[in-house]
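# Chains, contacts and geometry: an overview
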Amino acid sequence: MTNTTHFGYKTVNEDEKVKEVAKVFHSVAAKYDVMNDLMSGGLHRIWKTFTIANAGVRPGMKVLDIAGGTGDLAKAFAKQAGPTGEVWLTDINESMLRVGRDRLLNKGLVTPTLLCDAEKLPFPDNYFDRVSVAFGLRNMTHKDQALAEMRRVLKPGGKLLVLEFSKVAEPLQKPYDLYSFSVLPWLGKRIANDSESYRYLAESIRMHPDQETLKTMMQAAGLERVQYYNLTAGVAALHTGIKL
């Protein structure tokens, strides 16, 4: 029997979701940063800065950035970890990874980059001081498995940081829906010549676990001291957890 999952609002076979998500990011990779700035009014940069500050990366640390996309977090972590540290930029999508790798090289940062699946991380147990995933968990088919893998590769005392779109505050729900399902696809069509990928983005946000549900999932994966911070009235949220 083939297992099914959701791709936005559609129900699809699990294997099909992987292929469909890959198509989305192959399509948007070249315009990814431009679209992020337009979609969020630049707020995604503030959310990432907050995440970087909460990570507290210090010289010599080992850091894994999962679904690292165009490398915003990896770039900051590489500077903080310094020449004695080790920062890995990973993504399951080759187009996104190439953009991220090239951006890091253009900044003079030579860090290891790896094409890999977050649900099957090719790293040993207890290896990293920090693991981060920004706007990537939402696209993973088996989120519980991915969270368990992230915990596995963390050292005892290490921290996981999950930055993701989340459930917006109730008073903003109607205008947020109008923006998500009307303005985002229009922007996608105008800027990236791809409205469907941005319609999927809006749908995938609605299908993602809310703040409390994701907190419970992280605890179920074995993380301790799990907490979250609502950003911009819950448009995004940063969840953190410690491996003890």
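Procedures and definitions
- Residues numbered from 1 in each chain as written.
- Predicted model: local features only at pLDDT ≥ 70, side-chain atom pairs only at ≥ 80, totals over all residues.
- Heavy atoms only, no water.
- Helix = DSSP H or I, 4+ residues; strand = E, 2+ residues; numbered from the N terminus.
- Expected span 1.5 Å × (residues − 1).
- Buried < 20%, exposed > 50% of the residue type's maximum accessible area, 1.4 Å probe, protein only.
- Arc of directions from axis to C-beta.
- Contact = heavy atoms within 4.5 Å.
- Polar contact = N/O pair within 3.5 Å; in protein donor to acceptor, adjacent residues only side chain to side chain.
- UniProt positions renumbered as here; feature names shortened; annotations may be inferred.
- Axes fitted to C-alpha atoms, helices over the stretch in contact; angles between N-to-C directions.
- Parallel < 35°, antiparallel > 145°, perpendicular 65-115°, else oblique.
- Left-handed = near helix turned anticlockwise from the far one by under 90°.
- Nonpolar A, V, L, I, M, F, W, Y, C, P; charged D, E, K, R; others polar.

### Side note on helix H3 (residues 43-55)
Here H3 is 13 residues long and its end C-alpha atoms lie 19 Å apart, about the 18 Å a rise of 1.5 Å per residue gives. Within the sequence span of H3, burial applies to His44, Trp47, Lys48, Thr51, Ile52, Asn54 and Ala55. An end-on view of H3 places all buried positions within 165° of arc, on one side of the element. Opposite the buried face of H3, at more than 90 degrees from it, the exposed residues are Ile46, Thr49 and Ala53. Turning to H3, the residues buried within the fold contact helix H2 (32-40), helix H4 (72-81), strand S6 (128-134), strand S7 (154-165), strand S8 (224-231) and strand S9 (236-242).

### Brief notes about the side chain of Arg138
Relative to the helices and strands, Arg138 resides in the loop between S6 and helix H6 (143-153). A residue is classified by how much of its surface remains accessible, and Arg138, at 4% relative accessible area, is buried. A polar atom in the side chain of Arg138 sits 2.7 Å from the side chain of Ser204. If near-sequence neighbours (up to four positions away) are discounted, Arg138 is found in contact with Lys17, Lys143, Glu164, Phe165, Leu201, Ser204, Ile205 and His208.

### Considering the UniProt feature "binding site: S-adenosyl-L-methionine" (unreviewed entry) in the protein
On the UniProt side, "binding site: S-adenosyl-L-methionine" (unreviewed entry) is annotated at positions that read Thr70, Asp91, Asp117 and Ala118 here. Mapped onto the secondary structure, Thr70 falls in the loop between strand S3 (62-66) and H4. With respect to the element layout, Asp117 can be found in the loop between strand S5 (113-115) and S6. On the accessibility criterion, Asp117 (27% relative accessible area) is partly exposed. A distance of 2.9 Å separates a polar atom in the side chain of Asp117 from the backbone nitrogen of Glu119.

### Regarding the side chain of Asp72
Of note, Asp72 is situated in helix H4. Among the polar contacts made by the side chain of Asp72, one reaches the side chain of Lys48 at a distance of 2.8 Å. Side-chain polar atoms of Asp72 contact the side chain of Arg103, separated by 3.2 Å. Residues in contact with Asp72, not counting those within four places in the same chain, are Asp33, His44, Lys48 and Arg103.

### Quick word on the packing of H6 against helix H9 (residues 211-220)
Across the interface, H6 lies against H9 with an axial gap of 9 Å and an inter-helix angle of 50°. Put simply, H6 runs oblique to H9. As H6 packs across H9, the resulting crossing turns out to be right-handed. Between H6 and H9, the residues in contact are Lys143, Asp144 and Leu147 and Leu214, Met217 and Met218, respectively. Residues that form the contact of H6 with H9 fall into these classes: 4 nonpolar, no polar and 2 charged.

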